[in-house]
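Understanding the architecture of this molecule
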Amino acid sequence: MEPNEPTNGGAALIRALELEGVEVIFGLPGGAILPVYDPIIESSIRHVLVRHEQGAGHMAEGYAHVTGKPGVCMVTSGPAATNVVTPLADAYLDSVPMVCITGQVPYAAIGTDAFQECDTTGITMSITKHNYLVSDARDIPRIVREAFHIATTGRPGPVLIDVPKDIVDPTNPRSALDWYWPTDEEVIAGLPGYRPTTKGHPRKIKEAAEMILAAERPVIYAGGGILKARAAEALKELAELTGIHVVTTLMARGAFPDDHELCLGMPGMHGNYTAVMSFQETDLLITLGARFDDRVTGKLDEFASKAKVIHADIDPAELGKNRAPDVPIVGDARLVIEEIVSAIRSLLESGRTQADTSAWKQTISGWQEKHPLHYDQHVPGERLKPQFVLETLRDNTPSDTIVCSGVGQHQMWTSQYWHFNHPYTWVNSGGLGTMGFSVPAAIGAKAAFPDRMVWAIDGDGCFQMTAQELVTATVEKIPVKIAILNNSYLGMVRQWQEMFYDERYSEVFLSQDVPDYKMWAESMGCAGFRVDSPEEVLPTIQKANEINDRPVVIDFRTDAAEKVFPMVASGKSNSEVMVHPSQVAGIGEF
Amino acid sequence: MPGVTSPSGGHNTNKAVRHHTLVVLVENQPGVLARVAGLFARRGFNIYSLAVAPTDDDERFSRITIVVDVESSPLEQITKQLFKLINVVKISELDPDDSVERELMIATVKADPSVRSQVIELVDVFKGSVIDVGFDELSIAVNGEPDKLDDVEELLRPYGIVELQRTGRVALPKLERTPPRLKSVQNRVAN
Ligand SMILES: Cc1ncc(C[n+]2csc(CCOP(=O)(O)OP(=O)(O)O)c2C)c(N)n1
Ligand SMILES: [Mg+2]
């Protein structure tokens, strides 16, 4: 398309997506979006036809998580738009760059309760970083450019573009426009209210560097912002330069290698004992791209109460939202860390020395020795231990395997037991906690990297929410692998009922027998397996790893009584962390 | 609207609430007021009063003057969250002590011929005007500082207020009282 060439809104929209470098659109057509689907036939962009629009949204998220590029989904108006509400909210809470295009009834029909009309921009206003209702075809190239700019810069997030049918329909004069493609300068000038700060304030950086060198019990609290800012290398440099341990939140697993001696793993409600306690006892919490989420802090007033706080985040609203920082730094995590590293270097060169942290390091290794992750081994005749399944899978897959999970016990065990040694190998729903996330997210990740192994670790409850997308995976030849940790319960809810509701189990039992996951998988064109005994675990995983021409589903029948430990009960202080019953004796002695 | 409390009702009524005025410059685009109001509702902040009007550059920008009743730390959070809205270009926070505020009130008051002149006199004292006259009612308009309008309201009440509307306040920062050159000297001395 040449500048000033006459065209129409639908063709311009697809052309604009091509120019933004979009490789794949996840979507499903319908009446209002029909004119935009027509030019897809000629486009270089791959379209993956989903079976439910929620799947399209999570696939776009999975794609974005592993590539860092914005995921794109496209659906029609009304019920299709409401079907993507969950993924939009999910992407909003986890700062996932995503562009969602929805069809809308013709502009003149808006507000008349026309067929399949809903107020999409109104509904999604609070769960998108920004959204647009296009009112003029000539705005399309500009709006698409703005949407990608907004989705991917500053704190990333989902942007929605709602397109009325008349504006994209070539038979309608309202769809006419002369093609143009705005320059970067024009995009920025057109958004006078959007100027994300990326470079940290030099005085604050210097203050942070001095505090880091002076701290005796420092710890780094690394959040998802590290991955969003592609700051994993910088983080490693900071940790190694100072010898400071790194705690990686659920959203930051893989941002610092688990096999690094300075890695402490996951904090929070189901964090490991050492990570949790390091926060409680630290004198300097170096917070990088994290947001003091309640699942991390537990009771806020008692969280890290001995610590001074450095808080660096690209979103100024996170600074002081939950915890008042001593040194607030607004900026991109990678730039800020690099600046802190060079500030520390020049302090060291000018003769400053770092405080002695050896006692702190001993305390940390003491905790690690006393309270490693623990589960009781399998008892013959009983069901599989989910942790054992995870360890076997972990030890028999390539180290760059992409791992996705649903939400529940299986998610926490995966985060605890997997060894994430590379960034962008862990895809999960942290902020919204969306059951049903993993199957479509895995498909999105595999669509991005067809040559990598992609495993989704799912719960039986979660799997039943979005499993039909395996039909999409089969038909589109996106061979993901699914391990269902099938405890026949909504296990996480069952755990709360066991521990906090006197073992009164209300509406958490699913079923022992239905669905038959193996048959269900096979009916969707996947290879299906069922594993009951520990001896079958490894051979079945090996078989699954060999299959590359279709998706694989393994139904691991696991022990329903198994609980996730450690655990900080909701609203309790992190210092009241409950460890595995077998470790209770050691508690409180540090 | 869930995020809006009336001047007399809402939360925190037993405590004297401190009002802050936020002057928010927004791009003049459809739905922008909904974004601002929606953000207050979604984040659990209360709007005390709100006024919207085009600016001198009315093609591109509008000004929303929002009075919020919060203590200072949530106010910071409100401002930061507001600023994240893509269409919000600038936010100025006006301390009541450093700003001039005005509000317009119009009201219909019971005023049969026997008290009509009393009501007119009262309106005159507050430099207001009579904007409509009926058989036994008067409609009046008064503008001024919000506190003064409270007084007028109080004084009119005994006559019987039939209907009353206030616009919500608009505000501008107080101007410098000293010439610029003197001010820079003062600054240097103060530092
Ligand atoms: C859409 C949605 N509905 C409900 C919940 C609440 N919830 C959190 S975990 C969970 C149980 C998940 O069950 P399953 O997938 O079997 O995982 P398990 O905990 O058994 O490993 C539920 C119902 C949720 N997070 N998301
Ligand atoms: Mg389950």
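Residues numbered from 1 in each chain as written. Chains lettered and ligands numbered in written order. Predicted model: local features only at pLDDT ≥ 70, side-chain atom pairs only at ≥ 80, totals over all residues. Heavy atoms only, no water.

1. Considering the overall build of chain A
Worth spelling out the cut-off: Helix and strand definitions here come from DSSP, where helices need a minimum of 4 consecutive H or I residues and strands a minimum of 2 consecutive E residues; each element is numbered from the N-terminal end. Buried, partly exposed and exposed residues are distinguished by accessible area as a fraction of the type maximum, computed with a 1.4 Å probe on protein chains only: under 20%, between the cut-offs, and over 50%, respectively. Whether two residues are in contact is decided by their heavy atoms, any of which lying within 4.5 Å being enough. Accessible areas in this description were obtained via Shrake-Rupley with a 1.4 Å probe; residue shielding takes into account the shown protein chains only. Neither His nor the chain termini are counted; the positive set is Lys and Arg, and the negative set is Asp and Glu. To locate a charge, take atom NZ for lysine, CZ for arginine, CG for aspartate or CD for glutamate.
Of regular secondary structure, chain A possesses 24 helices and 20 strands. With respect to the principal axes defined by its C-alpha atoms, chain A has extents near 75 × 65 × 40 Å. Relative to its full complement of 590 residues, chain A shows a buried share of 60%. Across chain A, every contact between residues at least 6 apart in sequence was considered, and the portion connecting residues at least 24 apart equals 75%. For chain A, the computed accessible surface area is about 22000 Å², with 51% contributed by carbon and sulfur atoms. Measuring between centres, the 49 positive side-chain charges of chain A sit 3 Å from its 76 negative side-chain charges.

2. Some remarks on the pattern of salt bridges
All names here are of chain A. Condition: Each salt bridge in this description consists of a side-chain nitrogen of Lys or Arg and a carboxyl oxygen of Asp or Glu lying within 4 Å of one another.
Inspection of the entire model under this criterion finds 43 salt bridges over all chains. A salt bridge links D559 to K385, with the nearest nitrogen and oxygen atoms 3.0 Å apart. Here D559 is found in the segment after strand 20 (552-557), whereas its partner K385 is found in the loop between helix 16 (358-370) and helix 17 (386-395), with 174 residues between them in sequence. Taking relative accessible area as the criterion, D559 reaches 14% and is therefore assigned buried. Put simply, D395 and R394 hold a salt bridge, and the shortest N to O gap is 2.9 Å.

3. Quick notes on the coordination of the magnesium ion (ligand 2)
Metal coordination angles in their ideal form are 109.5 degrees for the four-donor tetrahedron and 90 or 180 degrees for the six-donor octahedron. Residue and element names in this part refer to chain A. Selection criterion: Here the coordinating atoms are restricted to nitrogen, oxygen and sulfur within 2.8 Å of the metal centre, or 3.2 Å for Na, K and Ca, and because water is not among them the sites may look incomplete.
Each protein donor to the magnesium ion (ligand 2) is listed here as D460 (OD), N487 (OD1) and Y489 (O); together their distances run 2.0 to 2.1 Å. Each donor residue of the magnesium ion (ligand 2) belongs to the same chain, and together they define the spacing D-x26-N-x1-Y. Overall, Y489 belongs to the buried group, its relative accessible area being 17%.

4. Some words on a negative patch on the surface
For the record, the criterion: Each patch is built from residues that are more than 30% exposed by relative accessible area and take part in no salt bridge. Like charges join if they lie within 9 Å; nonpolar side chains (Val, Leu, Ile, Met, Phe, Trp, Tyr) join within 5 Å.
A surface patch of negative charge is lined by D56, D57, D58 and E59 of chain B. Judged by relative accessible area, which is 42%, D58 of chain B ranks as partly exposed.

5. Considerations on the domain arrangement of chain B
Residue and element names in this part refer to chain B. Put simply, the rule is: The split into domains, and so the bounds of each, comes from an automatic or database assignment of domains. What gets called buried area is simply the loss in accessible area from a 1.4 Å probe that two parts show on being joined, summed for both.
Considered domain by domain, chain B is made up of domain 1 (19-94) and domain 2 (100-172). Put simply, the middle of domain 1 and the middle of domain 2, counted by C-alpha atoms, are 29 Å apart. Contact with domain 1, which involves 10 residues of that partner, is made by 7 residues of domain 2. A combined buried area of about 550 Å² lies between domain 1 and domain 2, and 56% of that area is made up of carbon and sulfur atoms.

6. Structural notes on the sheet that holds strand 13 (residues 308-313) of chain A
Residues and elements named next belong to chain A. Applied cut-off: Strands are labelled as partners when DSSP assigns at least two bridges between them. Axes here refer to lines fitted to C-alpha atoms; in helices the fit is confined to the stretch in contact. Angles between the N-to-C directions go from 0 to 180 degrees.
Spatial ordering of the open sheet is given by 11-10-9-12-13-14, a layout of 6 strands whose pairing is parallel. Two strands bound the open sheet, and with one partner strand each, they are strand 11 (263-265) and strand 14 (327-330). For this sheet, the mean angle separating the axes of adjacent strands, direction not counted, is 20°. The sheet contact formed by strand 10 (residues 246-248) and strand 11 spans 2 bridges and is parallel. Looking at the pairing, V246 lines up with C263 of strand 11. Helix 12 (residues 232-242) contacts strand 9 (218-222), strand 10 and strand 12 (284-288) of the sheet and is inclined by roughly 170° relative to strand 9.

7. Things to note about helix 3 (residues 53-67) of chain A
Residues and elements named next belong to chain A. Counted only if it meets this: Given a helix with a known number of residues, its expected span is that number minus one, times 1.5 Å.
Between the first and last C-alpha of helix 3 there are 21 Å, a value that for 15 residues agrees with the 21 Å anticipated at 1.5 Å per step. Of all the 15 residues making up helix 3, 15 are buried; the element is thus mostly covered by neighbouring parts of the structure. Phi turns positive one or two residues past the end of helix 3, at G68, with a value near 80°.

8. A look at the domain arrangement of chain A
All names here are of chain A. Formally: Two N or O atoms count as a polar contact when they lie within 3.5 Å, although within protein this holds only if one can serve as hydrogen donor and the other as acceptor, and sequence-adjacent residues are included solely when both atoms are side-chain atoms. By the convention adopted, Pro, Cys, Tyr, Trp, Phe, Met, Ile, Leu, Val and Ala count as nonpolar, Lys, Arg, Asp and Glu as charged, and the other residues, Gly among them, as polar.
Considered domain by domain, chain A is made up of domain 1 (6-189), domain 2 (202-370) and domain 3 (386-557). Every contact between the two is made by 23 residues of domain 1 and, on the other side, 28 residues of domain 3. For the pair domain 1 and domain 3, the two sides together bury roughly 2000 Å², of which 64% comes from carbon and sulfur. For the pair domain 1 and domain 3, the number of links is 1 salt bridge. Where domain 1 packs against domain 3, one counts 9 residue pairs in polar contact (both at pLDDT 80 or more). If you list the elements that add at least two residues to the side of domain 1 that touches domain 3, you get strand 3 (46-49), helix 3 and helix 5 (85-93). Class assignment for the residues of the side of domain 1 that touches domain 3 results in 9 nonpolar, 9 polar and 5 charged.

9. Details of the sheet that holds strand 16 (residues 426-427) of chain A
All names here are of chain A. Spatial strand order, 16-15-17-18-20-19: 6 strands in an open sheet with parallel pairing. Each edge of the open sheet is held by one strand with a lone partner, namely strand 16 and strand 19 (527-531). Pairing between strand 18 (residues 481-486) and strand 20: 6 bridges, direction parallel. Bridged to A483 within strand 20 is I554. Across the sheet, helix 17 lies against strand 17 (454-459), strand 18 and strand 20, angled at about 160° from strand 18, the strand it touches most. Where helix 18 (residues 409-417) meets the sheet, it contacts strand 15 (402-405), strand 16, strand 17 and strand 18, and its direction lies at approximately 135° from that of strand 17.

10. Here's the deal with the state of the cysteines
Residues and elements named next belong to chain A. For the record, the criterion: The disulfide criterion used throughout: a pair of cysteine sulfur atoms within 2.5 Å.
Enumeration according to the criterion identifies 0 disulfides over all chains in this entry. Here C404 stays free of any disulfide, with the sulfur of C462 as its closest cysteine sulfur at 13 Å. With a relative accessible area of 0%, C404 lands in the buried category.

11. Section: unusual backbone geometry
All names here are of chain A. Cis peptide bonds are those with omega within 30 degrees of zero, and the linkage from V514 to P515 qualifies with -5°. By the secondary structure assignment, P515 is in the loop between helix 22 (491-500) and helix 23 (517-523). The omega torsion across F565 and P566 is -5°, close enough to zero to call that bond cis. Looking at the element boundaries, P566 is found in the segment after strand 20. A positive phi angle is found at D113, which is not glycine, with a value near 60°. Position of D113 relative to the elements: it lies in the loop between strand 5 (98-104) and helix 6 (120-124).

12. Side note on the site of ligand 1
All names here are of chain A. For the record, the criterion: Consider each residue's heavy atoms; a residue with any of them within 4 Å of a molecule or strand counts as near.
Neighbouring residues of ligand 1: 16 residues in total, closest Q409, G433, D460, C462 and G491. Between ligand 1 and G433, the relevant distance is 2.8 Å, taken from a nitrogen atom to a main-chain nitrogen or oxygen of the residue. Here ligand 1 loses 76% of its free accessible area of 590 Å² to cover by the protein chains. Split by residue class, the shell around ligand 1 holds 7 nonpolar, 8 polar and 1 charged.

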